[in-house]
Amino acid sequence: MMRKDVSALIQRAEAGADLAREELACLLSLEGEGQKALFAAADRVRARTVGDGVHLRGLIEFSNICRMDCCYCGIRRSNRRVRRYRMTPGEIVEAAQSASRLGYGSVVLQSGEGDALNPEELAGVVREIKATTPLAVTLSVGERTREEYALWREAGADRFLLRHETADPDLFARLRPGRRLEQRLQCLQWLRELGYQVGSGFMVGLPGQTALTLADDILLLKRLNVEMAGIGPFIPAPDTPLADAPAGTAQQTLNAVACVRLVIPDAHVPATTALGSIHPRGRQLALACGANVIMPNVTPGRYREHYQLYPNKICLREEPEHCAPCVTALVLGEGRFVATGPGHSPRWTA
Ligand code: SF4
């Protein structure tokens, strides 16, 4: 595309026009001056729609036990090198309460897929956190039954994160043996019907992915009308079938972050830890091209090193109280401020 055509396309995207798949693929492939213009447009849209506040969500990785065998994941079932753990309900509640004391407005309870806690136990944890703190609670525990999602919603869970990972059904089936994209989309539909604020997202740089399939990922997020969109680079993990595959790049991932901001202007978009793990300023760069959320890890230090979906993850050795000032400094260093309160979606009315 000519330079003036790229400018016109970015202007249309910034004005909220519906972009065709090929147009999005063009934006996703931009480099140099075009990329700078894309980032600037996404930053303006972010400022206009969700403001300059950066929401901090405390992440509690409460178990690395998983029944699934996703080809890209370091804690997949068949990786025998992983030391498995599960935090007790009391430890999870305590971690959430300490996140609240650190000033975070919400926590994300994340685990591998499976019953590290049975559904009732997890519901009890949600109830206890809601009863003893002002925190919003997000769950990220994979594909479950509608009844389980309903149980946790009734217990008080506000949000659910379930990344679709890739909108290409064949690639999805290859990467997640035994599962189909269709089932994942059914889960996302149930979450929507149950009244959760819904988060989804995808990886950038998966083997077999193209700019067009990435455009499909973004168009799927738009169709799902997600409140939260998490985009991180694919990072090959040792002891997995994709150990030798090339990683996604920070530049590709940032282009995807910027495009998501333009396509779903009011979504909460994290500057992901994975991006910070492949580029020393990955999270800062994401904040400058559309992101408005950071998820500091509040998992107790003794468990953290065993939750490595990918290698060289940052902040593995820190304790929660060390992360808080560090992340605050990062946010202020970008000319932004730490938002207070639960940080619900601007569309949330409950
Ligand atoms: S990506 Fe999630 S579901 Fe898949 S193996 Fe890893 S923890 Fe389990």
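Everything that follows concerns the structure shown earlier in this document.
The structure reproduced in this document is the subject of the present report. In this text, all values refer to a predicted model and were calculated from it rather than measured experimentally.

1. Observations concerning the nonpolar core
Ranked by internal contacts, the top residues of the largest apolar core, which has 103 residues, are Ile-60 and Leu-109. If one sorts the elements of this core by residue count, helix H10 (residues 250-263) sits on top with 9 residues. Once you skip the residues sitting within four places of it in the chain, Ile-60 turns out to touch Met-87, Ile-92, Ala-95, Ala-96, Val-107, Val-108, Leu-109, Gln-110, Val-298 and Thr-299. The next biggest cluster of nonpolar side chains, apart from the first, holds 6 residues, and it includes Val-108, Leu-161, Met-228 and Val-293.

2. Observations concerning helix H9 (residues 211-224)
Given a rise of 1.5 Å per residue, 14 residues ought to cover 20 Å, and the 20 Å separating the end C-alpha atoms of H9 matches this to within 8%. Of all the residues in H9, the buried ones are Thr-213, Leu-214, Ala-215, Asp-217, Ile-218, Leu-220 and Leu-221. Elements that come into contact with the buried residues of H9 comprise helix H2 (21-28), helix H8 (181-193), strand S5 (197-204), strand S6 (228-233) and H10. Once H9 finishes, Asn-225 follows within two positions and takes phi at roughly 55 degrees, a positive value.

3. Describing the pattern of salt bridges
Evaluated as defined, the whole model comprises 26 salt bridges. In this structure, Arg-184 and Glu-143 form a salt bridge, with 2.9 Å as the shortest nitrogen-oxygen distance. Taken together, the residues span a long stretch of sequence, with Arg-184 in helix H8 and Glu-143 in the loop between strand S3 (136-140) and helix H6 (146-155) at a distance of 41 residues. Like Glu-143, Arg-184 is buried. A cluster of three or more residues bridged by salt bridges with shared partners is formed by Arg-67, Glu-113, Glu-143, Arg-176, Arg-179 and Arg-184.

4. Focus: the pairing of S3
Counting buried residues in S3 gives 5 out of 5 residues, a clear majority hidden from the surface. Examined bridge by bridge, strand S2 (residues 106-111) and S3 share 5 bridges and lie parallel to one another. Within the sheet, the bridge partner assigned to Gln-110 lies in S3 and is Ser-140. Sheet analysis places S3 next to strand S4 (residues 159-161), joined by 2 bridges and oriented parallel. Among the inter-strand pairings, Leu-139 is bridged to a residue of S4, identified as Phe-160. Chirality of the crossover, the property in question, places the unit of S3, H6 and S4 among those that are right-handed.

5. Here's the deal with the packing of aromatic side chains
In this structure the tally under the stated criterion is 4 aromatic pairs. Taking 6.3 Å as the distance between ring centres and 70 degrees as the angle between the ring planes, the aromatic pair formed by Tyr-149 and Trp-152 counts as edge-to-face. Taken together, the residues span about one helical turn, with Tyr-149 and Trp-152 both in helix H6 at a distance of 3 residues. Neither residue differs from the other here; Tyr-149 and Trp-152 are each classed as buried. Between Arg-153 and the ring centre of Tyr-196, over which it is positioned, the NZ or CZ distance is 5.7 Å.

6. Quick notes on the environment of Gly-208
Here Gly-208 lies in the loop between S5 and H9. Along the sequence, Gly-208 and Pro-241 sit 33 residues apart, while their C-alpha atoms lie 14 Å from each other.

7. Focus: the site of the ligand
Around the ligand, the neighbouring residues are Cys-66, Met-68, Cys-70, Tyr-72, Cys-73, Ile-75, Arg-76, Gly-112 and Arg-176. Broken down by class, the residue content of the shell around the ligand amounts to 6 nonpolar, 1 polar and 2 charged.

8. A few points about H2
Burial analysis of H2 places 6 of its 8 residues in the buried class, the great majority of the element. Turning to H2, its buried residues are Glu-23, Leu-24, Ala-25, Cys-26, Leu-27 and Leu-28.

9. Here's the deal with the packing of H2 against H10
Relative orientation of the contacting elements H2 and H10 amounts to 135 degrees, with a least axis distance of 9 Å. One way to sum up the angle between H2 and H10 is to call them oblique. Touching Leu-24, Leu-27 and Leu-28 of H2 are Asn-255, Ala-256, Cys-259 and Val-263, all from H10. For the contact of H2 with H10, a count of residues per class yields 6 nonpolar, 1 polar and no charged.

10. Quick look at the side chain of Glu-143
Since its relative accessible area comes to 6%, Glu-143 is described here as buried. Those residues in contact with Glu-143 that sit more than four places away from it in its chain are Arg-67, Glu-113, Tyr-149, Leu-162, Phe-172, Arg-176, Arg-179, Gln-183, Arg-184 and Cys-187.

Thresholds, definitions, all that
Sequence order sets the numbering: in each chain, residues are counted from 1 along the sequence as written. The predicted nature of this model means local features are confined to residues of pLDDT at least 70 and side-chain atom pairs, given and counted, to a pLDDT of 80 or more, with totals for whole chains, interfaces and linings taken over all residues. The side-chain quantities take in all heavy atoms of the structure and omit both hydrogens and water. Remark: nonpolar core denotes a set of buried residues (Ala, Val, Leu, Ile, Met, Phe, Trp, Tyr, Cys) joined through side-chain atoms within 4.5 Å. Remark: exposure states derive from per-residue accessible area (1.4 Å probe, protein chains only) relative to the maximum for the residue type, with buried under 20%, exposed over 50%, and partly exposed in between. What counts as a helix is a DSSP run of H or I of at least four residues, what counts as a strand is a run of E of at least two, and both are numbered from the N terminus. Whether two residues are in contact is decided by their heavy atoms: any pair within 4.5 Å suffices. To estimate the expected span of a helix, subtract one from its residue number and multiply by 1.5 Å. Counted as salt bridges are all cases of a side-chain nitrogen of Lys or Arg within 4 Å of a carboxyl oxygen of Asp or Glu. Pairing between strands requires that DSSP locate at least two bridges from one strand to the other. The handedness of a crossover follows from its direction of travel: if, with the strands pointing away from the viewer, the path from the first strand over the helix to the second runs clockwise, the crossover is right-handed. Pairing of aromatic side chains here covers Phe, Tyr and the six-membered ring of Trp, requires ring centres within 6.5 Å, and sorts the geometry by plane angle: under 30 degrees stacked, over 60 edge-to-face, intermediate tilted. A positively charged side chain is recorded as over a ring if its NZ (Lys) or CZ (Arg) lies within 6 Å of the ring centre. The angle to the ring normal must also be within 35 degrees. Throughout, the term near means that a residue has one or more heavy atoms lying within 4 Å of the molecule or strand in question. Gly is put with the polar residues, along with every residue not named as nonpolar or charged; the nonpolar set is Ala, Val, Leu, Ile, Met, Phe, Trp, Tyr, Cys and Pro, and the charged set is Asp, Glu, Lys and Arg. Inter-axis angles, ranging from 0 to 180 degrees, are taken between N-to-C directions of lines fitted to C-alpha atoms, where helices are fitted over the stretch in contact. Oblique is the label for any angle not under 35 degrees, not over 145, and not in the 65 to 115 range, which are roughly parallel, roughly antiparallel and roughly perpendicular in turn.

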